[in-house]
Amino acid sequence: MIPYGKQDISEADIEAVIAVLKSDFLTQGPMVSRFEQRVATHVGSKYAVAVNSATSALHVACLALGLGEGDWLWTTPITFVASANCGIYCGAQVDFVDIDPDTYNLCTEALQRKLEIAEREGRLPKVLVAVHLCGQSCDMATIHALGQRYNFKIIEDASHAIGGKYKGDFIGNGYYSDITVFSFHPVKIITTAEGGMALTNDHYLASQMSLLRSHGVTRDPQLMTHRSDGPWYYQQIDLGFNYRMTDLQAALGVSQMDRLDEFISTRHKLAARYDILLKNLPVITPLQHPDSYSGLHLYVIRLRLDEIQASHRQVFESLRELGIGVNLHYIPIHTQPYYQKMGFRSGDFPNAERYYADAISLPLFHTMTEEQQNQVVAAVRKVTAR
Ligand SMILES: *Cc1c(COP(=O)(O)O)cnc(C)c1O
């Protein structure tokens, strides 16, 4: 089976992890801050807080922004459930904004309309999670302007987008948001096995997130309520978690960062090749917005079902039978049973549901060969034939 995504671990990556295994610290040693600095410098952000997953990063980001009971978090229905669940963790309520039918990212016109209504009804969101689906940036300039006008905070869920750019600058620089989150799960662009990071230019947010990733405990005398009792002393000043990244993971991350640019350019080459090879087939290839240089975590095609004999499901199943590890990113969150219990219904976000009815993620990963890619295209041609 040709997988839809796959990590690429080099000898240098393995050596980096072994070096940590032979060192004094498996966790809480020097590698985590090295990894943080590496990513922050690369994307142009002041502060970075490494944690054990992007889910944890989203959670501490929401808490640092003060999200809590009585607040609303808005996001897109076409994302992994973690982009919404982080609001629920904080006791907030979650609502969704339908997607743009061309980019599949949160639609800024729909956002504007929903904000106008929410303002009249007195239930404006406190936090908006903007997800850069497939690695392509949302329309951040518009989202940022709306954030200023309606006074909400912005988290960029850039789990798909490390190494990508918006208007020529790296995603994660925080020009248009309060916090940006990356994921380092093995299917994503670079990996630390499990892992995530939250980036910000705000010192207060960074220190809150660092505190929350490690039990709410500090050794910083400036944060303590009174003078230290002695060299052993620490204080718990908030309720935090154990969301720490290990040095083993961070060493892998530092080593993977060496190849980030190469990973992205390979993804672009493969995607450009898909664009050409799929041209005359009854599928819509992904639109690349001129403001965006995508991280290209995913290559999603939409089936032109009116030109295809088989159904979406039949095409998907036939591709799997032919050894093509296709996937579907994502099932609209508002149709999940957990969210339906909150009152969401099918039909609430029609563009998201239309997307779900014909989208398929084709395999795309750094070590993919042209031969494998030809195999994918041949299979798509075969199963979409009239
Ligand atoms: C993968 C992913 C997450 C969660 O990342 P983990 O590191 O697995 O917790 C969150 N949001 C999006 C959009 C993702 O793709």
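Definitions and cut-offs
Residues numbered from 1 in each chain as written. Predicted model: local features only at pLDDT ≥ 70, side-chain atom pairs only at ≥ 80, totals over all residues. Heavy atoms only, no water. Domains from an automatic or database assignment. Buried area = accessible area lost by both parts, 1.4 Å probe. Salt bridge = Lys/Arg side-chain N within 4 Å of Asp/Glu carboxyl O. Pairing = 2+ DSSP bridges. Helix = DSSP H or I, 4+ residues; strand = E, 2+ residues; numbered from the N terminus. Near = heavy atom within 4 Å. Polar contact = N/O pair within 3.5 Å; in protein donor to acceptor, adjacent residues only side chain to side chain. Buried < 20%, exposed > 50% of the residue type's maximum accessible area, 1.4 Å probe, protein only. Contact = heavy atoms within 4.5 Å. Axes fitted to C-alpha atoms, helices over the stretch in contact; angles between N-to-C directions. Parallel < 35°, antiparallel > 145°, perpendicular 65-115°, else oblique. Left-handed = near helix turned anticlockwise from the far one by under 90°. Nonpolar A, V, L, I, M, F, W, Y, C, P; charged D, E, K, R; others polar.

## What to know about the domain arrangement of the protein
Reasoning step 1: Domain parsing of the protein yields domain 1 (11-257) and domain 2 (260-384).
Reasoning step 2: A straight line from the C-alpha centre of domain 1 to that of domain 2 covers 26 Å.
Reasoning step 3: Here domain 1 and domain 2 share an interface that buries about 3200 Å² over both sides, 64% of which is from carbon and sulfur atoms.
Reasoning step 4: Per-residue buried area on domain 1 facing domain 2 is highest for Tyr 104, Cys 134 and Ile 189; these three make up 18% of the total on that side.
Reasoning step 5: Taken together, the links from domain 1 to domain 2 amount to one salt bridge.
Reasoning step 6: Put simply, Lys 167 and Asp 291 hold a salt bridge, and the shortest N to O gap is 3.4 Å.

## Description of the sheet that holds strand S7 (residues 169-170)
Reasoning step 1: With antiparallel pairing, the three strands of this open sheet are ordered in space as S7-S6-S13. The sheet is open, and its two edges are formed by S7 and strand S13 (292-293), each paired on a single side.
Reasoning step 2: Here two bridges tie strand S6 (residues 165-166) to S13, and the two strands are oriented antiparallel to one another. Bridge pairing links Tyr 166 to Ser 292 in S13.

## Some remarks on the site of the ligand
Reasoning step 1: The environment of the ligand is made up of 15 residues, and the closest members are Thr 55, Asp 157, His 160, Ser 183 and Lys 188.
Reasoning step 2: Interatomic distance of 2.5 Å between a side-chain N/O atom of Thr 55 and an oxygen atom of the ligand.
Reasoning step 3: Between a nitrogen atom of the ligand and a side-chain N or O atom of Asp 157, the distance comes to 2.7 Å.
Reasoning step 4: Contributing elements (two or more residues each) for the shell around the ligand: helix H3 (54-64) and helix H4 (82-89).

## Structural notes on the side chain of Gln 136
Reasoning step 1: With respect to the element layout, Gln 136 can be found in the loop between strand S4 (127-131) and helix H6 (140-150).
Reasoning step 2: In this structure Gln 136 comes out as buried when scored by relative accessible area, which is 4%.
Reasoning step 3: A polar contact of 2.8 Å, which involves the side chain of Gln 136, links it to the backbone nitrogen of His 289.
Reasoning step 4: Residues contacting Gln 136, with those up to four places away along its chain left out, are Thr 103, Asn 105, Leu 287, Gln 288, His 289, Ser 292 and Ser 294.

## Points about the packing of H3 against helix H7 (residues 203-213)
Reasoning step 1: Orientation of H3 relative to H7, taken along the N-to-C sense of each, is 125°, at an axis distance of 9 Å. Relative to H7, the element H3 is oriented oblique. Classified by chirality, the crossing of H7 by H3 is right-handed. In this structure, H3 contributes Val 60, Ala 61, Leu 63 and Ala 64 to the contact, and H7 contributes Tyr 204, Leu 205, Gln 208, Met 209, Leu 212 and Arg 213.
Reasoning step 2: Of the residues in the contact of H3 with H7, the class split is eight nonpolar, one polar and one charged.

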